[in-house]
Amino acid sequence: MIRLFRSKMYLALALTVVVLLSGVIGYRYISDYNWLDALYMTIITVTTVGFMEVKPLDAESKIFTVMLIISSVIIFSFALSVITEYILSRNSLQLLKKKKVKNQIKSMSHHVIVCGFGRNGMQAAERLKAYKRPFIVIERDKEIIEKYEDEVLFVEGDANDDNVLLEAGVERASYLIAALPDDADNLFVVLSARQLNKGLFIISRATKITSQKKLELGGADKVIMPDKIGGDHMASLVVIPDLITFMDQLSMEGEHTTNLEEVAIEDFSDQVECNSLRDLDLRRKTGCTIIGYIEPNGKYIINPEADMPLKPKSKVIVLGRPEQIRKLNEMFHIQS
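Rules and cut-offs
- Residues numbered from 1 in each chain as written.
- Predicted model: local features only at pLDDT ≥ 70, side-chain atom pairs only at ≥ 80, totals over all residues.
- Heavy atoms only, no water.
- Helix = DSSP H or I, 4+ residues; strand = E, 2+ residues; numbered from the N terminus.
- Rg over C-alpha atoms; globule rule 2.2 N^0.38 Å.
- Buried < 20%, exposed > 50% of the residue type's maximum accessible area, 1.4 Å probe, protein only.
- Contact = heavy atoms within 4.5 Å.
- Areas by Shrake-Rupley, 256 points an atom, 1.4 Å probe, with all protein chains shown as cover.
- Lys, Arg positive; Asp, Glu negative; His and termini not counted.
- Charge placed at Lys NZ, Arg CZ, Asp CG, Glu CD.
- Salt bridge = Lys/Arg side-chain N within 4 Å of Asp/Glu carboxyl O.
- Pairing = 2+ DSSP bridges.
- Axes fitted to C-alpha atoms, helices over the stretch in contact; angles between N-to-C directions.

Trainee: Lay out the overall build of the protein chain with the relevant residues and their values.
Mentor: Secondary structure assignment for the protein chain yields 14 helices and 10 strands. Since a compact globule built from 336 residues should have a radius of gyration of about 20 Å, the 33 Å found for the protein chain marks it as more spread out than a globular shape. For the protein chain, buried positions account for 37% of its 336 residues. Counting only contacts in the protein chain whose residues sit at least 6 apart along the sequence, the fraction spanning at least 24 positions is 58%. Summed over all atoms, the accessible surface of the protein chain reaches about 20,900 Å², with 59% contributed by carbon and sulfur. Here the protein chain carries 41 positive and 44 negative side-chain charges, and the mean point of each set is 2 Å from the other.

Encoded structure:
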């Protein structure tokens, strides 16, 4: 539709230029005007302002003027209609698009809200998209929204505004990522989101060490410092380069990479008797390896023993290639 309007506008512009050139050339050679007078006569004719002609017109010039007026009125009317149609249609498309976005948001629950679509927000969105997790981005920069609106679901506005958070469905969301560049803004987002949804799991970005404690007191469950992580990562590449490279492979996408997956014990209990890790037998069934266990109280156990008893509401961390993870999800009907 946009291409159709653009082609019509190009046509209207081309016809307008043709009319003006025809008028100038016609007055120059039919009425024997100089170029300036020919341009003047063309302008006052096509705009119908009513000024007097430079000199009296002969019969041929009068006929030419009549034809110029008729053609210019038709072409200018066409150009005006194209511009009006484009503006009205553009506004209508924007309204329809906003209505569609609102309907999508209303139907979402247990989703992730990403506040800010800068470098960190964009990386978070890409990862969520790779894991097929539903998410909404709150962004106030219109240029960014227009650039990525076909790929990402946006809510336009300030994430510090409670109404904007409510529009993004914060009451129904499960997670919120505060990825704004300013720590104070992230703190306000954390405070507002925590008041609106007590059960929301909030992850916040921080640039200063002094902000970490404030964000945690404000209600953030996890505080991430990208600059600190980046520095640690670079130093680790010097000290233990092969291990860090291996760890990087775990976060890469592709058929030959290795992924980590978090699975609740309840996902297994309906299909197998899972009193211990040995009962699950995931290595033989799917090729995945259990490398961690999370107790109901949140305690992490690395490389658990095979005979470790499993408790309700606990989780296991499994390691496997993409096809192995897919086999695990399909075998136990796990929603990834």
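There's more to say after this.
Trainee: Please provide a residue-by-residue account of the pattern of salt bridges, values included.
Mentor: Counting across every chain of the model gives 6 salt bridges. With a shortest N-O distance of 3.5 Å, D158 and R140 are connected by a salt bridge. Within this pair, whereas D158 is found in the loop between β3 (154–156) and α6 (162–167), its partner R140 is found in the loop between β2 (135–139) and α5 (142–148), the two being separated by 18 residues in sequence. Overall, D158 belongs to the partly exposed group, its relative accessible area being 29%. For R321, the salt bridge is made with E323, and the minimal N-O distance between the two is 2.7 Å.

Trainee: Any details on the sheet that holds strand β4 (residues 175–178)? Residues and values, ideally.
Mentor: On the basis of which strands lie adjacent, the open sheet formed by 6 strands has the order β3-β2-β1-β4-β5-β6 and parallel pairing. The open sheet terminates on both sides in strands that have one partner only, identified here as β3 and β6 (222–224). Across the sheet, the mean angle separating the axes of adjacent strands is 20 degrees when strand polarity is ignored. Both strand β1 (residues 112–115) and β4 contribute to a ladder of 4 bridges, which runs parallel. The partner of V112 across the bridge, within β4, is Y175. Sheet contacts for helix α7 (residues 183–196): β1, β4 and β5 (201–205); angle to β5, the most-contacted strand, approximately 175 degrees.

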